[in-house]
Amino acid sequence: MITDNQLLQPVTSYEKIPVTIFSNADEACKAVAAEIAQLIRSKQKEGTNAVLGLATGSTPKKIYRQLIRMHREEGLSFRNVICFNLDEYYPLPAESKQSYRHFMQENLFNHVDINPGNCHIPDGQAGLESIKQLCEQYEKLIQDAGGVDFQLLGIGRNGHIGFNEPGSNISSLTRLITLDKITRSDAATEFSGIANVPRRAITMGVKTILSAKRIVLLAWGEKKSEIVRQAVEGPVSEFLPASYLQAHHTASFILDETAAALLTRRKAPWLTEDVEWTKQLVKKAVIHLALSCEKPILKLTNNDYNENGLSSLLVLHGNAYDINIKVFNWLQHTITGWPGGKPDADDTHRPERSQPSRKRVLIFSPHPDDDIISMGGTFQRLTDQGHEVHVAYQTSGNIAVADDEAFRFVEFVRDFNRQFQISSPDAERIVYNSDACLKQKKNGEPDIPELRFVKGLIRKGEAKNTCRFVGIPDENAHFLNLPFYETGTIEKKPIGDDDINIIAALIEQIEPHQIYAAGDLADPHGTHKVCLDGIFAAIKRIKHLEFMKDCWLWLYKGAWAEWDIDIIEMAIPMSPEQVLKKRYGIFKHQSQKDGVVFQGTDSREFWQRAEDRNKATADLYNKLGLAEYEAMEAFVRWKF
Ligand code: F6R
């Protein structure tokens, strides 16, 4: 529950709107759902209605889950609730799987005792000529209901609230708008391609939203952190509609840690409060200082510290020269060409232990290509340096294979079998059913299990090809096909016992000295986060075992983002040749080349994203005054 205290907590000098940060989205959703429930109950006591303004999208889903739980377990009734949804795609029939009407029915309305007549959502299939009137009616309905008591909002990556895209006027009301490119590409996955995303939508206006008595904007995950920073700390601007909330008297932002990561209180906490100068914070502050002064660390002066809010560091540590050297050395010690430890070397200042000199290494790859994309250079070094390297592919990755790619393989198998008169009932069935499915499938329809099997095999073959290219034996590639992933749709199941057992069994079988995992703590909806949760749960289960005492867990970043440089604990440099070799390793994933099913807004191919990111890390080290490398892969150690 969000307390008055939290609401009234002083806004830092940088934040222009109250912000509450929770450790994760689950905790935040519990608190917001409790506030909504309290509103509903207090209105019930008064014998009046609670009027809710509701949002769709991935962000509020857990709030609705909590409300359903409270309805079932705590008797929370929705009989006095009137809802107005923010928006609806246009044109789009209500029964379409992607419509917000469908979303609300599935995620809330069908599971609580709300009167269906009280659930208002703009009509996405009204005739164009009646839209204006319909929008006016929507405004009137809200007013007749007494206005919105509690408005829930998400935020688009372009700063939209509802579908009020950049440029929306502060006095805008419910209307038909044109969706902008970022919004449409963010919806592309749901619609199986941007071409199928409607170009327009009906949305409550900014004024409609600002008329609510209480407004809560939610944001989770790294993807939202930059726009959240601008909305909270930047000027009010029509180009960032969420910034209009700065002027509302009870609006607040509810964030998880990752969405809040770029706020000044997190990025440079010494500027907003008195801090305790831990080693980590000193490192963060000095790197921040060097980057903002555009100077290498060893050239920072007392003046630079004094003029940038860091005089307290000087008081504590003496002069700039001493602090500079300390931080420079800390950074220097993260760089190593020996990810498995350097045999027979003094390892006091090295990221990895030298013993045992030949380690058993287990790399977890959420999808079949994350190993090579995110840590291909390190994978290669570990193999070349004689360690026993295993890779565990956690999911089949089948939904990312395009239909025409699958068709090619189905056709190949059919022709091959015919040519040599090979037949088996199972093979016939798989080929026949896949072929039929590929020919009949409509946009957005899930693949049948047979087709998923074919697509999974395609990706398995590519991963095996990469492993051979890097030089590990076939038996060291483990395909876990975790069950949580096998829904055939973008929406996955939460991690379950079956998944955790499979992961734990493999760790027990290999008894690794090092585990590498995709550490996308930031991506609350993604497969990477679920895969990581599975690893954490498995480790928790078996960490009492003897071999686990000698097992270190290194996290790489799975997507194209990189760790903040101040938390990197091991940086593996790459030469130009190694960069090229990694590129060829990525090329083995033919089904993921030349445009992929889930391209997102970034039109670069995976090898380009990987190279840009690895080069950027090397450049950053270099800017701070460390040696100049072509590229670098980076890791953070997770202590369990
Ligand atoms: C949805 C809506 C949008 C979303 C926003 C964030 O009704 O009005 O403003 O809240 O696009 O979407 P997600 O939550 O999917 O990131």
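Given the structure is predicted, the values throughout are model-derived calculations rather than measurements.

Glancing now at the domain arrangement of the protein. Taken domain by domain, the protein holds domain 1 (4–265), domain 2 (268–332) and domain 3 (360–396 + 459–638). The gap between the C-alpha centroids of domain 2 and domain 3 is 33 Å. Regarding the contact of domain 2 and domain 3, the summed buried area is about 930 Å², with carbon and sulfur atoms giving 67% of it. It is I287, L291 and L331 that lose the most area in domain 2 upon contact with domain 3, and together they represent 43% of the buried surface on that side. Inspection of the region where domain 2 meets domain 3 yields zero salt bridges. Counting across the domain 2 and domain 3 interface gives three residue pairs in polar contact (both at pLDDT 80 or more).

Attention now goes to the site of the ligand. T59, D87, H160, G162 and K224 are the nearest of the 14 residues found near the ligand. Within the contact set of the ligand, an oxygen atom lies 2.7 Å away from a backbone nitrogen or oxygen of G162. Within the contact set of the ligand, an oxygen atom lies 2.6 Å away from a side-chain nitrogen or oxygen of K224. When the ligand sits alone it has 410 Å² of accessible area, and the protein chains cover 86% of it. Within the shell around the ligand, the residues separate by chemical class into four nonpolar, eight polar and two charged.

Turning our attention to the sheet that holds strand β8 (residues 200–203). Ordered in space as β4-β8-β7, the three strands form an open sheet in which the pairing is antiparallel. Unpaired on one side and paired on the other, β4 (87–90) and β7 (175–178) mark the two borders of the sheet. In this sheet, neighbouring strand axes are inclined to one another by 30° on average, regardless of whether the strands run parallel or antiparallel.

Between its terminal C-alpha atoms helix α13 (residues 320–332) stretches 18 Å, which fits the 18 Å expected from 13 residues at 1.5 Å a residue. Buried residues of α13: A320, I323, N324, V327, F328 and L331, and no others. Each buried residue of α13 sits inside an arc of 130° when the element is viewed along its axis, so together they form one side. Against α10 (279–293), α11 (302–307), α12 (311–317) and α21 (606–623) lie the buried residues of α13.

As a further point, take the pattern of salt bridges. For the structure on display, the rule yields 42 salt bridges. Here R265 makes a salt bridge to E15, at a shortest N to O gap of 2.7 Å. Here the residue R265 occupies a position in helix α9 (residues 264–267), and E15 occupies one in the loop between α1 (4–8) and β1 (19–22), the gap between them amounting to 250 residues. For R265, a relative accessible area of 16% corresponds to the buried category. Overall, the relative accessible area of 4% leaves E15 in the buried class. Among the salt bridges present, the one from D26 reaches K62, with a minimum N-O distance of 3.0 Å.

Once that is clear, we can look at the sheet that holds strand β14 (residues 514–518). With mixed pairing, the seven strands of this open sheet are ordered in space as β13-β12-β11-β14-β15-β17-β16. Bordering the open sheet on either side are β13 (477–479) and β16 (570–574), each of which pairs with just one other strand. On average, each strand axis in the sheet is inclined to that of its neighbour by 25°, with strand direction left out of account. One ladder, built from six bridges, connects strand β11 (residues 360–365) with strand β12 (residues 388–393); its direction is parallel. Counted as the bridge partner of L362 is H390 from β12. Packed on one face of the sheet, helix α19 (residues 527–542) meets β11, β14, β15 (552–556) and β17 (631–638) and runs near 150° to β14. Those strands touched by α21 are β16 and β17, and its axis lies near 85° from that of β17.

We now examine the packing of helix α14 (residues 370–384) against helix α17 (residues 449–470). Where α14 meets α17, the closest approach of the two axes is 10 Å, and the angle between their N-to-C directions is 35°. The residues of α17 that touch α14, namely those facing I372, F379, Q380 and T383, are T466, C467, F469 and V470. Looking at the contact of α14 with α17, its residues break down into five nonpolar, three polar and no charged.

Let's shift gears to the side chain of S396. Counting through the fold element by element, S396 comes out in the loop between β12 and α15 (403–419). Among the polar contacts listed, one links the side chain of S396 to the side chain of N398, at a separation of 3.1 Å. A distance of 2.8 Å separates polar atoms of two side chains, one belonging to S396 and the other to E486.

The full count for this structure, using the stated rule, is 15 aromatic pairs. Relative to Y138, the ring of F84 lies with its centre 5.8 Å away and its plane at 85°, an arrangement referred to as edge-to-face. Of this pair, F84 sits in strand β3 (residues 81–85) while Y138 is found in helix α5 (residues 131–144), placing the two residues 54 residues apart along the sequence. In this pair, the class of F84 matches that of Y138, namely buried. Geometrically, the ring pair formed by F412 and F416 is stacked, given 6.0 Å between the ring centres and 20° between the ring planes. Of this pair, F412 and F416 both sit in helix α15, separated by four residues, roughly a single helical turn. Relative accessible area serves as the criterion here: at 56%, F412 is assigned to the exposed category.

Our focus in this paragraph is the packing of helix α2 (residues 25–46) against helix α3 (residues 61–74). The interhelical angle for the contact between α2 and α3, taken along N-to-C directions, is 55°, at an axis separation of 8 Å. Compared by their axis directions, α2 and α3 come out oblique. In the packing of α2 onto α3, the handedness of the crossing is right-handed. Judged by residue contacts, D26, C29, K30, V32, A33, A34, I36, A37 and R41 of α2 engage K62, I63, Q66, L67, M70 and E74 from α3. By residue class, the composition of the contact of α2 with α3 is nine nonpolar, one polar and five charged.

Rules and cut-offs
Residues numbered from 1 in each chain as written. Predicted model: local features only at pLDDT ≥ 70, side-chain atom pairs only at ≥ 80, totals over all residues. Heavy atoms only, no water. Domains from an automatic or database assignment. Buried area = accessible area lost by both parts, 1.4 Å probe. Salt bridge = Lys/Arg side-chain N within 4 Å of Asp/Glu carboxyl O. Polar contact = N/O pair within 3.5 Å; in protein donor to acceptor, adjacent residues only side chain to side chain. Near = heavy atom within 4 Å. Areas by Shrake-Rupley, 256 points an atom, 1.4 Å probe, with all protein chains shown as cover. Nonpolar A, V, L, I, M, F, W, Y, C, P; charged D, E, K, R; others polar. Pairing = 2+ DSSP bridges. Helix = DSSP H or I, 4+ residues; strand = E, 2+ residues; numbered from the N terminus. Axes fitted to C-alpha atoms, helices over the stretch in contact; angles between N-to-C directions. Expected span 1.5 Å × (residues − 1). Buried < 20%, exposed > 50% of the residue type's maximum accessible area, 1.4 Å probe, protein only. Arc of directions from axis to C-beta. Contact = heavy atoms within 4.5 Å. Phe/Tyr/Trp six-rings, centres within 6.5 Å; stacked < 30°, edge-to-face > 60°. Parallel < 35°, antiparallel > 145°, perpendicular 65-115°, else oblique. Left-handed = near helix turned anticlockwise from the far one by under 90°.

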